[in-house]
Amino acid sequence: MNNADTDLRISSANRGTKITLQVDGVPCTAYEGETVHAVLLAKGIRVLRIAGKTGEPRGIFCGMGICYECRVTINGVPDQLACMTLATDGMQIETR
Amino acid sequence: MKQAYDVVIVGSGVAGIAAANTLAGHGLQILVIDENPQAGGQILRQHCRVTDGFWEFDPRLERSGRTVSTQKIVQSLRPVPRPKGITCVHQARVLGIFPDRQLLVHVPDPLCPGSSVSGCMMEIDAGYLLLATGARERFLPFKGWTLPGVMSLGAAQILMKSSGILPARHTLIAGTSPLQTVLALEILKNKGNVTAILDENHFAKKLGLLPLLKHHWYLAGEGAMQMLGLMIRKVRFRQGVRVTEARGKNEVTAVVTADLDRKGNKIPGTSQIYSASALAVGHGFSPNIELPVQAGCALDYDADRGGWVVRVDHALETSVVKVYAAGEITGIAGAGKSFVEGKLAALSILEKLGKKTGPDRYAQKLVRMQKQQRGYASFLNQLCQVPASAYEAIDDDVLICRCEEISMGEIRKQIAKGFVTTGSLKKATRCGMGRCQGRICQPVLFDILLALTGQTPDQTGSPSFRAPVKNVPMAAFLHP
Ligand SMILES: Cc1cc2nc3c(=O)[nH]c(=O)nc-3n(C[C@H](O)[C@H](O)[C@H](O)COP(=O)(O)OP(=O)(O)OC[C@H]3O[C@@H](n4cnc5c(N)ncnc54)[C@H](O)[C@@H]3O)c2cc1C
Ligand code: FES
């Protein structure tokens, strides 16, 4: 478990059942009820994609389905909003 | 797939839930649609963890006929078995509203017959339609606001509330929004660190706005208590300071600020640098008007209500017959107004359907509460408002449209060429034509136009939106 993983989860929060998913091919522990963007952040992954023209890194911004900055590929479907999708067991997430 | 309902409610925030509660029990078929995985909208999200039931507010909440605080609204929410006739669909996006209240909705794959990972389309006929699509945050762009680690105040709140995850170990908070202090306290409660709060508003501005809280003195009290809480926790709190740049290679690592004079202009030579792993920033709220605009609902411009808002009559009916609007989309004023308007809109629909129950006194009480919210709306929106000079001062290399990557320099150039209306500037620059369809940059662009041209809002022109108002995978259209 990397440092960010233990750090950012709030110790007093109620958590759902433990689940395992794959982020860019690497297995990752998460909990039911967490959104994909939160799982990625807890894992220390903040760069979710690269902007086309300027080549700038981008990550979550609005956290509520408005800005479309948090697009990732989920279970093979591209351009899914990480902030609006709940993490599920066995989910495959690809960033960049 | 095609279905019909007596009443369709878009949005299950405070307004949508209050409306559904009021409509239940009259033998109507009601559909509540929300794009979030669970009900609750912006403030009830952690109180509405996915259940099979529904929620209602304690009916004693409006008994006094006085404005209700957000805290009371949140506390009075309770889970109930789903009332007969109410159907909820989540993670579903309303993409368009067509003549005679026909809705095109994108629904997630578990609800699609056959299997399609991209979900599918559903057509819904609504006898009456209530739009309660809420609000989002607005921003004053600065250099580096696109760096990962820079996020909205709400995004930081949502991470903690919905997923129990801190935005970062150390978070810097900035902007003009009252959410700054709410967020700081939430971070501290969850054992995170707040590097500092950098409030753009001077204390004098806040003091000057206090008389607007005539019916809401408890809010001034709440604000004072919050400040006291932050002082006790020794959080660094600076007023009259603006973030001018976020720095970092792949992620934000430092934030540059400048002090502001009383008019909100940067004072040369006052820059300071803070190290930060996250910056949460926001400059107030903007109503989610895309869907009502696409449906043909007329708008009004009122800076004291958050900009372009949906025009409604006393019954909360929009300019489109049998289409009603409630909550933040008719004017930003927080949870109390959304609660009251959700109930009032539902009562209006019940009356039209010949199902009016209860005494007029009840509706009158709600109308009184609705009126009291106006002062608070002015307070909130004026507090958040950034002076025109701040838009004029945006540097040319700052990105305004994050999706299409269009800079202030390009916008200045096109405005100078004479593209001075919302519509023409959008076409000339492609600003607002990206994935988010202008949800982030359109209110900014509008304020830039007002500041740079000196035109009135009406001369500048209201925004226009076409279906689909939200992006969905193409594959979903192919799946019947
Ligand atoms: C980030 C943020 C944080 C806030 N925090 C506070 C706070 O701490 N305290 C406070 O008093 N107020 C807060 N507010 C103000 C808040 O807007 C009101 O308090 C209140 O929640 C508004 O209720 P509503 O029902 O009008 O809208 P909302 O609660 O915003 O609900 C609208 C719902 O409509 C849904 N929706 C919108 N468009 C579509 C579509 N096309 N298809 C399907 N569903 C759709 C959204 O998913 C959302 O769930 C906050 C606002 C924001 C934006
Ligand atoms: S972070 Fe804005 S849409 Fe997900």
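Every chain is numbered on its own, with residues counted from 1 as its sequence reads. Throughout, the order in which chains and ligands are written sets their labels, letters from A for the former and numbers from 1 for the latter. Confidence filtering applies because this is a predicted model: local features only for residues at pLDDT of at least 70, side-chain atom pairs given and counted only at 80 or more, and all residues used for totals across whole chains, interfaces and linings. Excluded from the side-chain calculation are hydrogens and water; included are all heavy atoms of the structure.

**Some remarks on the overall build of chain A**
For chain A, the count of helices and strands is two helices and seven strands. Strands here mean DSSP runs of E at least two residues long; helices mean DSSP runs of H or I at least four residues long; both are numbered from the N terminus. Secondary structure elements in chain A, listed N-terminal to C-terminal, are α-β-β-α-β-β-β-β-β. A compact globule built from 96 residues should have a C-alpha radius of gyration of about 12 Å, and chain A, at 13 Å, falls within 12% of that. The dimensions of chain A, computed from C-alpha atoms along their principal axes, are 40 × 25 × 25 Å. Across the 96 residues that make up chain A, the buried fraction comes to 55%. Residue contacts follow a heavy-atom distance rule, with two residues in contact if any of their heavy atoms lie within 4.5 Å. The long-range fraction of contacts in chain A, counting pairs at least 24 apart against all pairs at least 6 apart in sequence, stands at 41%. Surface accessibility follows the Shrake-Rupley procedure with a 1.4 Å probe radius. Residue values consider only the protein chains on display as shielding. Carbon and sulfur atoms provide 47% of the accessible area of chain A, an area that totals close to 3,900 Å². Atoms counted for the radius of gyration: C-alpha only. Globule rule: 2.2 Å times the number of residues to the power 0.38. Burial classes: relative accessible area under 20% of the type maximum marks a residue as buried, over 50% as exposed, and values in between as partly exposed (1.4 Å probe, protein chains only).

**Here we look at the pattern of salt bridges**
A side-chain nitrogen of Lys or Arg and a carboxyl oxygen of Asp or Glu constitute a salt bridge if their distance falls within 4 Å. Counted under the stated rule, the structure contains 29 salt bridges over all chains. In this structure, the salt-bridge partner of A:Arg71 is A:Asp79, at a minimum N-O distance of 3.7 Å.

**A look at a nonpolar patch on the surface**
Residue and element names in this part refer to chain B. Like-charged residues within 9 Å of one another, or nonpolar side chains (Val, Leu, Ile, Met, Phe, Trp, Tyr) within 5 Å, are grouped into patches, provided each residue has over 30% relative accessible area and no salt bridge. Where nonpolar side chains cluster on the molecular surface, the patch consists of Met 225, Leu 228, Met 231 and Ile 232 and spans about 460 Å² of accessible area. As for its position among the elements, Met 231 is in helix α6 (residues 217-232). Judged by its relative accessible area of 58%, Met 231 falls in the exposed class.

**What to know about the environment of B:Ala295**
Residue and element names in this part refer to chain B. Tracing the chain through its elements places Ala 295 in helix α7 (residues 290-295). Judged by its relative accessible area of 18%, Ala 295 falls in the buried class. The spacing of Ala 295 and Gly 96 is 199 residues in sequence and 7.0 Å in space, taken between C-alpha atoms. Non-local contacts of Ala 295, meaning those with residues more than four positions away in its chain, are made with Ile 97 and Val 320.

**Some points on the confidence of the model for chain B**
Known as pLDDT, the predictor's confidence for each residue is given on a scale from 0 to 100. On average, residues of chain B score 93 in pLDDT, and 98% of them reach the 70 mark or higher. As a predicted assembly, this complex carries a pTM of 0.95 together with an ipTM value of 0.95.

**Focus: helix α4 (residues 179-189) of chain B**
Of all eleven residues making up α4(B), eight are buried, and the element is well covered by its neighbours. Listing the buried residues of α4(B) in full gives B:Leu179, B:Gln180, B:Thr181, B:Leu183, B:Ala184, B:Glu186, B:Ile187 and B:Leu188.

**Digging into the nonpolar core**
Across soluble globular proteins, nonpolar side chains have a tendency to be buried as a group. With 105 residues, the main nonpolar core has A:Leu21, B:Val150, B:Leu279, B:Ile400, B:Ile411 and B:Ile448 as its most contacted residues. Here, the term nonpolar core denotes a set of buried Ala, Val, Leu, Ile, Met, Phe, Trp, Tyr and Cys residues that are joined through side-chain atoms within 4.5 Å. With 43 residues, the next largest nonpolar core counts B:Ala18, B:Ala39, B:Ala346 and B:Leu350 among its residues.

**Some thoughts on the domain arrangement of chain B**
All names here are of chain B. By convention here, the domain bounds are inherited from an automatic or database domain assignment. Per the domain assignment, the segments of chain B are domain 1 (2-136 + 285-380), domain 2 (140-282) and domain 3 (394-460). On a C-alpha basis, the centroid separation for the pair domain 1 and domain 2 is 30 Å. Listed per partner, the contact involves 17 residues of domain 1 and 14 residues of domain 2. A 1.4 Å probe defines the accessible area here, and the buried area is the portion of it lost by two parts on being joined, summed over both. Interface of domain 1 and domain 2: buried area, both sides summed, is about 1,400 Å²; carbon and sulfur atoms make up 62% of it. Interface area lost by domain 1 to domain 2 is led by Arg 45, Tyr 376 and Phe 379, which between them contribute 36%. Applying the counting rule to domain 1 against domain 2 returns zero salt bridges. Two N or O atoms count as a polar contact when they lie within 3.5 Å, although within protein this holds only if one can serve as hydrogen donor and the other as acceptor, and sequence-adjacent residues are included solely when both atoms are side-chain atoms. Summed over the shared surface of domain 1 and domain 2, the number is two residue pairs in polar contact (both at pLDDT 80 or more).

**A word on the environment of B:His283**
Residues and elements named next belong to chain B. Position of His 283 among the secondary structure elements: in the loop between β17 (278-282) and β18 (285-287). Judged by relative accessible area, His 283 falls into the buried class, the value being 5%. As for His 283 and Glu 137, which are separated by 146 residues in sequence, their C-alpha atoms are 7.0 Å apart. In this structure, His 283 is in contact with Arg 138, Phe 139, Leu 140, Gly 175, Thr 176, Glu 200, Cys 384 and Val 386, ignoring residues within four places of it in sequence.

**Focus: the side chain of B:Gln157**
Residues and elements named next belong to chain B. Relative to the elements of secondary structure, Gln 157 occurs in helix α3 (residues 153-163). Classification of Gln 157 as buried rests on a relative accessible area of 10%. What Gln 157 contacts, discounting residues up to four positions off in sequence, is Leu 179, Val 182 and Leu 183.

**Here's the deal with the site of ligand 1**
Throughout, near means a residue has at least one heavy atom within 4 Å of the molecule or strand. The immediate surroundings of ligand 1 are formed by 31 residues, with B:Asp34, B:Gln42, B:Thr70, B:Glu328 and B:Ser338 found nearest. Each of chains A and B places residues near ligand 1. The contact in question runs from an oxygen atom of ligand 1 to an N or O atom on the backbone of B:Val14, over 3.1 Å. Of all the elements in the fold, those that place two or more residues in the shell around ligand 1 are α1 (14-23), β6 (93-98), β9 (135-137), α3 and α8 (335-352) of chain B.

**Points about the environment of B:Ser271**
Residue and element names in this part refer to chain B. By the secondary structure assignment, Ser 271 is in the loop between β15 (254-259) and β16 (272-275). The spacing of Ser 271 and Ala 258 is 13 residues in sequence and 4.5 Å in space, taken between C-alpha atoms. Ignoring anything within four residues of it in the chain, the contact list for Ser 271 reads Val 256, Thr 257 and Ala 258.

**Here's the deal with the interface of chain A and chain B**
A common measure of how large an interface is: the accessible area buried when the components associate. Contacts between the two partners involve 45 residues from chain A and, on the opposite side, 54 residues from chain B. Both sides together, the interface formed by chain A and chain B hides about 3,900 Å², and carbon and sulfur atoms give 57% of it. Our count for the contact surface shared by chain A and chain B stands at three salt bridges. Here B:Arg435 and A:Asp79 are joined by a salt bridge, their closest N and O atoms 3.0 Å apart. Between chain A and chain B we count 20 residue pairs in polar contact (both at pLDDT 80 or more) in total. When residues of the side of chain A that touches chain B are traced back to their parent elements, those giving at least two are α1 (3-8), α2 (36-42), β4 (57-58) and β6 (77-81) of chain A. Each residue is assigned to one class: nonpolar for Ala, Val, Leu, Ile, Met, Phe, Trp, Tyr, Cys and Pro, charged for Asp, Glu, Lys and Arg, and polar for all the others, Gly among them. When its residues are assigned to classes, the side of chain A that touches chain B shows 21 nonpolar, 13 polar and eleven charged.

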